[in-house]
Amino acid sequence: MNAHHLRIEGRVQGVGYRAWMVREARRLGLTGWVRNRTDGSVEAVVAGPEPAVQTLLTACRRGPLAARVDRIVEALTDLPEGEEFQQR
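Predicted, not measured: the structure shown is a model, and the values here were computed from it.

So, on to the UniProt feature "active site" (unreviewed entry) in the protein. Annotation from UniProt places "active site" (unreviewed entry) at Arg-18 and Asn-36. Considering the C-alpha atoms alone, the annotated residues occupy 19 residues of sequence yet fold into one spot, their largest mutual distance being 7.8 Å. Mapping Arg-18 onto the fold places it in helix 1 (residues 17-27). Summarising the element assignment, Asn-36 is placed in strand 2 (residues 31-36). Judged by relative accessible area, Asn-36 falls into the partly exposed class, the value being 29%. Discounting chain neighbours no more than four positions away, the residues touching Asn-36 are Gln-13, Arg-18, Ser-41 and Val-42. In this structure the side chain of Asn-36 is engaged in a polar contact, spanning 3.3 Å, whose partner is the side chain of Arg-18.

Overall, mixed pairing links the 5 strands, which are arranged 4-1-3-2-5 in an open sheet. Each end of this open sheet is capped by a strand with a single partner; those strands are strand 4 (68-78) and strand 5 (86-87). Direction of pairing for strand 2 relative to strand 3 (residues 42-47): antiparallel, over a ladder of 6 bridges. Along strand 3, the bridge assignment pairs Trp-33 with Val-45. Of the strands in this sheet, strand 1 (2-11), strand 3 and strand 4 touch helix 2 (residues 50-60), which is tilted by about 5 degrees from strand 1.

Rules behind the numbers
- Residues numbered from 1 in each chain as written.
- Predicted model: local features only at pLDDT ≥ 70, side-chain atom pairs only at ≥ 80, totals over all residues.
- Heavy atoms only, no water.
- UniProt positions renumbered as here; feature names shortened; annotations may be inferred.
- Helix = DSSP H or I, 4+ residues; strand = E, 2+ residues; numbered from the N terminus.
- Buried < 20%, exposed > 50% of the residue type's maximum accessible area, 1.4 Å probe, protein only.
- Contact = heavy atoms within 4.5 Å.
- Polar contact = N/O pair within 3.5 Å; in protein donor to acceptor, adjacent residues only side chain to side chain.
- Pairing = 2+ DSSP bridges.
- Axes fitted to C-alpha atoms, helices over the stretch in contact; angles between N-to-C directions.

Listed below in structure tokens is the structure:
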């Protein structure tokens with residue numbers, strides 16, 4: 001299954017971005033994961049029906065209220081079949 005690998009840059013750590021993304025992804029029925037990176041960005045892999053993935057990507061550009069998203073670097077990748085979206 002193709003998945004979207006994301007690196008989200010800006011003020012995205014310490015503002016609830018990961019927990020927010022887990023809620024949004026689960027609400028949309030997506031699978032994958034999200035985690036903080038040591039460089040201050042957030043990394044995620046998201047898979048599911050393409051319309052739902054695109055809805056999440058649009059939401060990720062805004063993020064939760066306290067976040068500031070400067071840039072999202074996106075690439076396609078492989079994701080083994082998984083369970084519900086999780087925070088790492």
